[in-house]
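Observations on the model geometry
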Amino acid sequence: MNEIRQKGHPQGLYVLFATEMWERFNYYGLRAVLILFMTKALLFDHAFASNLYGSYTGLAFLTPLIGGYVADRYWGNQRSIIAGGLVMAIGEFILFFCGSFYHSAPQLSSILFFSGLGFMITGNGFFKPNISSLVGQLYPKADRRLDAAYTIFYMGINIGGALGPFLCGLVGDTGNPADFKWSFLVGAIGMLLSVTVQLLFHHKYVKGPDGNVLGLTPANSPKNATNPIVIIASLLGLSFITIGLIYIDAKVFNYLFYLLIGCIMFIAILVFSDKALTPQEKSKIIVIFVVSFFVIFFWSAFEQAGASLTFFADEQTNRNLGFFVVPASWFQSLNSAFVVAFAPLFAWLWINLGKREPSSPTKMALGLFLLALGYLWIAFGVKNVQPGIKVSMIWLTGMYALHTCGELCLSPIGLSLVNQLAPAKFASLLMAVWFTANAFANKFAGVLSSLYPDNKTTNFLGIYEMSNLYSFFMLFVFMAGIASVILFFLTRLLQKMMR
Ligand code: GLN
């Protein structure tokens, strides 16, 4: 009996699966229409909207550092997940009102817009790190089912990631900007479903190997910390801070890059000044930093999906099927749908390669290469196309297929590499390095998307000029391609350092 149980997965995994699925439905559903809402309803220009998109997604990857810390010390995972989920649902409702009033009360809707995003950022910070950490806690240490568990969980993420843009795009991305509000409402409903699943099933099913319910209040948490008034006040306080942070970065001064570099330096100093670290541990930690640096080039190109690539889907792609015009936002479903389709293939491939399975850094270099190839494909598709002519949907679709193959080589591999290499006492801090690199990449993605050359020539760092879409997409080919080649040459050294 015990034997059979060991082979399957704990039922709690499926509770976490559903919780995460509906949350990602809400996050990616919003991401699918966000840039369109900004440019078509709020009438922001492409460059400003792109920068704001970067500030939003960048901050959304930074707040998990706070959410993880608070959960470990004060609230526990479950309370943090529910709190974060409710805060995100409020964010979506605020955006719903923003979408309802943008025409009649532009001033009010601008306040509502930044507020909605601020709540989303705060909520995500409490939700995302805690749900991922619960998955690991379901199993005994070094359980062989863990990799499979994370693969199943990644499926949940991506079923949500595919359904969100599809449904939110269907109801909101209709060609009438007044309809975007329905996307936000549908996102809010998804988020509430996630919280409901958690409330109904967590205590019954989400249990550790010893049978105890997981993610409850930590034993040494001070009593006041879980007082509902304290919790509500902290969440509101933090939401107001993030509203200010996103507003300042987008409208006043682009400080986010400096903040993120500061975070990384701070963590590096903190870790490397520990005298107890052995030389082996030190070199493993250096690998984490190096690998995190390279993933910046991956995600900053990949995350164009919610920005420049959606401009491209909207303005330059022929979406008319005769009987139906495919909403531009639907293209954001493709990546997740491809993950669900291809992930088993990759798992099978790595197992079947056996001894010839590439090392983790090699896989990551391959991921960057596939990303570059995706951009080369779409660059080829737009080459010599006259302005005003729309290209076939196969270019975006093929590019997303290649990007997804790249993601499957890089994302899960990088995550488990960080987990394996980090000494136990710095596990969370080094996970924070990975998150901060993601935050940096997302902000950078917004900056790069602001260089989208629509009726104007743009410039990258004064060295690379872009006057058409071909040269814009080639920028990503160069960026990811060069990063891939360098990482490839470094793999031997990194492998040595990982031993
Ligand atoms: N698509 C995955 C998720 O949303 C991974 C994103 C990332 O690590 N940047 O969880």
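Residues numbered from 1 in each chain as written. Predicted model: local features only at pLDDT ≥ 70, side-chain atom pairs only at ≥ 80, totals over all residues. Heavy atoms only, no water.

**What to know about the overall build of the chain**
Selection criterion: Secondary structure follows DSSP: runs of H or I at least 4 residues long count as helices, runs of E at least 2 residues long count as strands, and numbering of each begins at the N terminus. Throughout, exposure labels follow a simple rule: accessible area from a 1.4 Å probe, protein chains only, divided by the maximum for the residue type, with under 20% read as buried, over 50% as exposed, and the rest as partly exposed. It only takes one pair of heavy atoms within 4.5 Å for two residues to be counted as in contact. Counted charges follow a simple rule, with Lys and Arg positive, Asp and Glu negative, and His plus the chain ends left uncounted. Taken as the charge location is NZ of Lys, CZ of Arg, CG of Asp or CD of Glu.
When helices and strands are counted, the chain shows 17 helices and two strands. In terms of overall dimensions, the chain has a C-alpha envelope of 65 × 55 × 45 Å along the principal axes. When burial is assessed residue by residue, the chain has 57% of its 499 residues classed as buried. Within the chain, contacts between residues at least 6 apart in sequence are counted, and of these 80% link residues at least 24 apart. Taking the average place of the 31 positive charges on the side chains of the chain and the average place of its 21 negative ones, the gap between the two points comes to 8 Å.

**Re the state of the cysteines**
Applied cut-off: Here, two cysteine sulfur atoms that lie within 2.5 Å of each other are counted as a disulfide.
Inspection of every chain in the model, using the stated rule, returns zero disulfides. Its sulfur unpaired, Cys168 is 15 Å from the next cysteine sulfur, which belongs to Cys98. The class of Cys168 is buried, set by a relative accessible area of 0%.

**Some details on the site of the ligand**
The test is simple: We call a residue near a molecule or strand when any one of its heavy atoms sits within 4 Å of it. In protein, a polar contact means a hydrogen-donor-capable atom and an acceptor-capable atom, both N or O and within 3.5 Å, with residues adjacent in sequence counting only if both atoms are side-chain atoms; elsewhere, any N or O pair within 3.5 Å suffices. Residue exposure ignores everything except the shown protein chains as possible cover, and the areas themselves are Shrake-Rupley values with a 1.4 Å probe. Asp, Glu, Lys and Arg are counted as charged, while Ala, Val, Leu, Ile, Met, Phe, Trp, Tyr, Cys and Pro are counted as nonpolar; the rest, among them Gly, fall into the polar class.
Surrounding the ligand, one finds Arg24, Tyr28, Phe61, Lys128, Tyr154, Ile157, Trp299 and Asn438. Contacts to the ligand include Arg24, whose side-chain N or O atom sits 2.8 Å from an oxygen atom. Tyr28 is positioned such that a nitrogen or oxygen atom in its side chain is 2.6 Å from an oxygen atom of the ligand. Relative to its unbound accessible area of 300 Å², the ligand is 89% covered by the protein chains. Elements with a minimum of two residues in the shell around the ligand: helix 2 (12-41) and helix 7 (146-172). Its residues assigned to classes, the shell around the ligand comprises five nonpolar, one polar and two charged.

**Brief notes about a nonpolar patch on the surface**
For clarity, the threshold we go by: For patches, a residue must show more than 30% relative accessible area and have no salt bridge; joins then use 9 Å for like charges and 5 Å for nonpolar side chains, namely Val, Leu, Ile, Met, Phe, Trp and Tyr. Salt bridge, as used here: a side-chain nitrogen of Lys or Arg that lies within 4 Å of a carboxyl oxygen of Asp or Glu.
On the surface, a nonpolar cluster with roughly 390 Å² of combined accessible area is contributed by Phe166, Leu167, Leu170, Val171 and Trp182. Examining the composition of the nonpolar patch, we find that four residues originate from one element, helix 7, more than from any other. Within the secondary structure, Phe166 sits in helix 7. According to the relative accessible area criterion, Phe166 is partly exposed, its value standing at 34%.

**So, the packing of aromatic side chains**
Quick note on the threshold: In this scheme Phe, Tyr and Trp rings, the latter by its six-membered ring, pair at centre separations within 6.5 Å, and the angle between planes marks the pair as stacked below 30 degrees, edge-to-face above 60, and tilted otherwise. In this scheme, the term charge over a ring applies when either NZ of a lysine or CZ of an arginine sits within 6 Å of the ring centre and within 35 degrees of the ring normal.
For the coordinates displayed, the defined rule picks out 40 aromatic pairs. Ring plane angle 40° and centroid distance 6.3 Å describe the contact between Phe201 and Tyr205, whose orientation is recorded as tilted. Separated by four residues within a single helix, Phe201 and Tyr205 lie in helix 8 (residues 180-205), roughly one turn from each other. With relative accessibility at 36%, the residue Phe201 sits in the partly exposed group. Look at Tyr464 and Phe478: their rings are 5.9 Å apart centre to centre, the planes differ by 80°, and that puts the pair in the edge-to-face class. With Tyr464 in strand 2 (residues 464-466) and Phe478 in helix 17 (residues 469-498), this residue pair connects regions lying 14 residues apart in the sequence. Of the aromatic side chains, those joined through ring pairs into one cluster are Phe37, Phe44, Phe48, Tyr102, Phe113, Phe114, Phe180, Phe184 and Tyr247. Above the face of the Tyr27 ring, Arg24 is positioned so that its terminal group lies 4.5 Å from the ring centre. Stacked on the ring of Trp350, the Lys or Arg Lys363 has its end atom at 4.2 Å from the ring centre.

**Digging into helix 9 (residues 228-252)**
Quick note on the threshold: Between the first and last residue of a helix there are one fewer steps than residues, each counted as 1.5 Å, and that sum is the expected span.
With 25 residues, helix 9 ought to run about 36 Å at 1.5 Å a step, and its terminal C-alpha atoms sit 35 Å apart, in line with that. Turning to helix 9, its buried residues number three or more, namely Ile231, Leu235, Leu238, Ser239, Thr242, Ile243, Ile246, Asp249 and Ala250. At its buried positions, helix 9 is contacted by helix 3 (46-62), helix 4 (64-75), helix 5 (77-101), helix 6 (106-137), helix 10 (256-272) and helix 16 (427-449). Its side-chain oxygen placed 2.9 Å from the backbone nitrogen of Ile229, Asn227 serves as the N-cap of helix 9.

**So, the environment of Met155**
Turning to its location among the elements, Met155 is positioned in helix 7. In the structure, Met155 is positioned 182 residues away from Ala337 in sequence and 9.5 Å away in space, judged by C-alpha atoms. When near neighbours in sequence (up to four residues on either side) are disregarded, Met155 contacts Phe17, Val339, Val340, Ala343 and Pro344.

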